[in-house]
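Next come the chains, spelled out residue by residue.
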Amino acid sequence: GENVEQHPSTLSVQEGDSAVIKCTYSDSASNYFPWYKQELGKRPQLIIDIRSNVGEKKDQRIAVTLNKTAKHFSLHITETQPEDSAVYFCAASNPAGTALIFGKGTTLSVSS
Amino acid sequence: DTAVSQTPKYLVTQMGNDKSIKCEQNLGHDTMYWYKQDSKKFLKIMFSYNNKELIINETVPNRFSPKSPDKAHLNLHINSLELGDSAVYFCASSRDSNTEAFFGQGTRLTVV
C-alpha cells in the first residue's frame, strides 16, 4: 500500500524566515496530495493541496511543489509568524482511492 | 454549523470496558473515516467507509467495530479496552479520498 515519509520531524525557525517540509510517497498512482495543519489540542485542517496534474500551487505565504517523477512534494512557508507554530502533516491518497495516508508530521516552532 | 461532530470529546474508562464514539457529518459526503492519533501525533487510518460500506480495515484488532447506520453517521465501538488503546480518535469525512477531508474535534480516550 501507499507509504508517506515526512522530514524533518521538528523544525525551529526565527520569525520572518522560511520553512520547508518535504514528503515522499511510494505509489506512483497516487494523485492527490494535501497538507494539514494541526494546532495544539485542535483538529487537523487543510491548508493547501495539489493534484498530480499540477507542479506548483501558491496561496499567499504558502506554496506546495510536486515532483511526480521523483515522487516527492514539499510545503514552503515564507515570512513565518509565531501563529504558524503547529504540527504539519502531508498526505497522499492511496491508489485505490479509499483513504488519505498521512506522513508522521513535522512540529514547526516559530520564535519571535 | 459543525460539519463533522463526534462525541464524547473526552472518555476515561477502565481496562476491559466497552465504549462507543459517535460521529455525524452534515456535509452530504459519501466517505467517512476513523483515524487514530497516538502520543507521537501519528495519524493512522483505521477504517474507511463509502456510502455505508466498509472499504478499508487497516490491521485493526477486531475489538474495534465500526458501524454506519446511514451515510451521515459512522460510529466506533471498542470492546475489552486495553491501555494501548489510549489515544485521540478522529472521525473525518470527504466527498471521496481525492478531495479535502474534514475532521471532527477528536475524542481523547484514556484507558486506566
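Above: the structure in question.
Computed from a predicted model, the values in this text were never measured in an experiment. (Residues numbered from 1 in each chain as written. Chains lettered and ligands numbered in written order. Predicted model: local features only at pLDDT ≥ 70, side-chain atom pairs only at ≥ 80, totals over all residues. Heavy atoms only, no water.)

Participant: Let's hear about the overall build of chain A: which residues, and what values?
Facilitator: The helix and strand tally for chain A stands at zero helices and 11 strands. Beginning at the N terminus, the succession of helices and strands in chain A can be written as β-β-β-β-β-β-β-β-β-β-β. The dimensions of chain A, computed from C-alpha atoms along their principal axes, are 45 × 30 × 20 Å. Surface summary for chain A: the accessible area is close to 5,400 Å², and the carbon and sulfur share equals 45%. Each charge class in chain A can be summarised by its mean position, and for the 11 positive and 12 negative side chains these summaries are 5 Å apart. (Helix = DSSP H or I, 4+ residues; strand = E, 2+ residues; numbered from the N terminus. Areas by Shrake-Rupley, 256 points an atom, 1.4 Å probe, with all protein chains shown as cover. Lys, Arg positive; Asp, Glu negative; His and termini not counted. Charge placed at Lys NZ, Arg CZ, Asp CG, Glu CD.)

Participant: Requested: an account of the sheet that holds strand β3 (residues 19-25) of chain B, with residues and values cited.
Facilitator: All names here are of chain B. Read from one edge to the other, the open sheet built from four strands follows the order β1-β3-β8-β7, with strand pairing classed as antiparallel. The open sheet has two edge strands with one neighbour each: β1 (4-7) and β7 (64-70). Averaged over all neighbouring strand pairs, the angle between strand axes comes to 20°, with direction disregarded. Relative to β3, β1 runs antiparallel, the two sharing four bridges. Within the sheet, the bridge partner assigned to Ser 5 lies in β3 and is Glu 24. (Pairing = 2+ DSSP bridges. Axes fitted to C-alpha atoms, helices over the stretch in contact; angles between N-to-C directions.)

Participant: Kindly report on the pairing of strand β11 (residues 107-111) of chain B, identifying the contributing residues and their values.
Facilitator: Residues and elements named next belong to chain B. Side chains Thr 107, Leu 109 and Val 111 project from β11 onto a buried face, and the interleaved Arg 108 and Thr 110 project onto a face without burial. Relative to β11, strand β2 (residues 10-13) runs parallel, the two being bridged by four bridges. What sits directly across from Val 12, in β11, is Thr 110. In the sheet, strand β9 (residues 87-94) pairs with β11 via three bridges, with the strands oriented antiparallel. Paired with Tyr 89 across the strands is Thr 107, a residue of β11. (Buried < 20%, exposed > 50% of the residue type's maximum accessible area, 1.4 Å probe, protein only.)

Participant: Give me the packing of aromatic side chains: which residues, what numbers.
Facilitator: Applying the stated rule across the entire model yields 13 aromatic pairs over all chains. Between Phe 89 of chain A and Phe 102 of chain A, the ring centres sit 6.2 Å apart and the planes meet at 85°, which makes this aromatic pair edge-to-face. Remark: Phe 102 of chain A occurs in strand β10 (residues 100-102) and Phe 89 of chain A occurs in strand β9 (residues 86-93); sequence separation between them is 13 residues. Each member of the pair, Phe 89 of chain A together with Phe 102 of chain A, is buried. Ring centres of Phe 102 of chain A and Tyr 35 of chain B lie 5.3 Å apart, and the angle between their planes is 90°; on these two criteria the pair is classed as edge-to-face. (Phe/Tyr/Trp six-rings, centres within 6.5 Å; stacked < 30°, edge-to-face > 60°.)

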